[in-house]
Structures are given as C-alpha cells and as structure tokens.
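Observations on chain architecture
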Amino acid sequence: QVQPVESGGGLVQAGESLRLSCAPSGSFREIKSMGWYRQAPGKPREMVASITPGGNTNYASSAKDRLTISRTDANNTVHLRVDSLKPEDTAVYYCNVAVVLGNYKLLEAWGQGTLVIVSS
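So, here is what we can say about the structure in this document. From a predicted model like this one, the values you see are computed outputs, not experimental measurements. (Residues numbered from 1 in each chain as written. Predicted model: local features only at pLDDT ≥ 70, side-chain atom pairs only at ≥ 80, totals over all residues. Heavy atoms only, no water.)

Take the overall build of the protein chain next. Within the protein chain, the regular secondary structure consists of zero helices and eleven strands. Along the chain direction, N to C, the helices and strands of the protein chain fall in the order β-β-β-β-β-β-β-β-β-β-β. Radius of gyration (C-alpha) of the protein chain: 14 Å, near the 14 Å computed for a compact globule of 120 residues. On the principal axes, the C-alpha backbone points of the protein chain span a range of 50 × 25 × 25 Å. Taken across its 120 residues, the protein chain has 41% of its residues classed as buried. For the protein chain, the computed accessible surface area is about 6,400 Å², with 47% contributed by carbon and sulfur atoms. (Helix = DSSP H or I, 4+ residues; strand = E, 2+ residues; numbered from the N terminus. Rg over C-alpha atoms; globule rule 2.2 N^0.38 Å. Buried < 20%, exposed > 50% of the residue type's maximum accessible area, 1.4 Å probe, protein only. Areas by Shrake-Rupley, 256 points an atom, 1.4 Å probe, with all protein chains shown as cover.)

Printed below as a string of structure tokens:
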C-alpha cells in the first residue's frame, strides 16, 4: 500500500508564503511523477503543479508565477511553495503520486489532503 503523506498546511495571512511537503510511504520500485492538486469549497479538484523524476514541471496557468514545485530525491519528497498567497488559494491541497510497484504495475495514489486557509 502506497500512501502519500502531506504536511505544511494551516492558516496563513494573505501575502505570505507557504510550503507543502509530501512523501509516499510504502514500497515501490520507482516514482513516475509527483504533484499537487487542490479543491476549493464548492469547486472541482484542479491540478496545481507536477514534476517528473527528470525535473520537468507543469503548473496551473492561473497561478504559475506564484508556484514552485521541487523534489528531494534522497527521501522521495515533493515540495510546493506558494508565494503571495491570496484568499482564493484557500483549499484542501492533495498530493498525487504515480509509482511503479514491485509487480511492475503502475499505481496512482492520493494523499488525505492538507487544508490551507488564507485570511485577508
């Protein structure tokens, strides 16, 4: 069982920065991709940012200039930094990972989510 474990959410003031982290627990052969999604109240879940093992990144166009995704390969951790936070960034942020299991099957797994509340 592979389970992404997120950390770093909480209550922040508008204009501040926030860093979220996520690392998948469990056993797997390799990570194919890691990323972050978010779901604001009353809205569908949307992609925020993703990164491949080679370092290729993809960002949501709506907030691209305020997002930085990175990874620490030593401990399979992905980080998301959001700068100049706005109240509309308030959402539950979910970590998503795609891994190759020991039986060579591809598994996509979601974290439990971490709540970010941006106050104005």
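Moving on from the model shown.
The subject of this paragraph is the state of the cysteines. For the structure on display, the rule yields one disulfide. In this model C22 forms its disulfide with C95; the gap between the sulfur atoms is 2.0 Å. One quick way to see it: the torsion about the S-S bond of C22 and C95 is about -85°, and its sign makes the bridge left-handed. Of the two residues, C22 sits in strand 3 (residues 18-25) while C95 sits in strand 9 (residues 91-100), which places them 73 residues apart along the sequence. (Disulfide = S-S within 2.5 Å.)

Take the pattern of salt bridges next. For the structure on display, the rule yields six salt bridges. For D89, the salt bridge identified is with R38, shortest N-O distance 3.0 Å. Here D89, found in the loop between strand 8 (77-82) and strand 9, pairs with R38, found in strand 4 (residues 30-39); they are 51 residues apart in sequence, far enough to count as distant. The same class applies to D89 as to R38, namely buried. Linking R71 and D73 is a salt bridge whose minimum nitrogen-to-oxygen distance equals 2.9 Å. Residue R71 is classed as buried on the basis of its relative accessible area of 19%. (Salt bridge = Lys/Arg side-chain N within 4 Å of Asp/Glu carboxyl O.)

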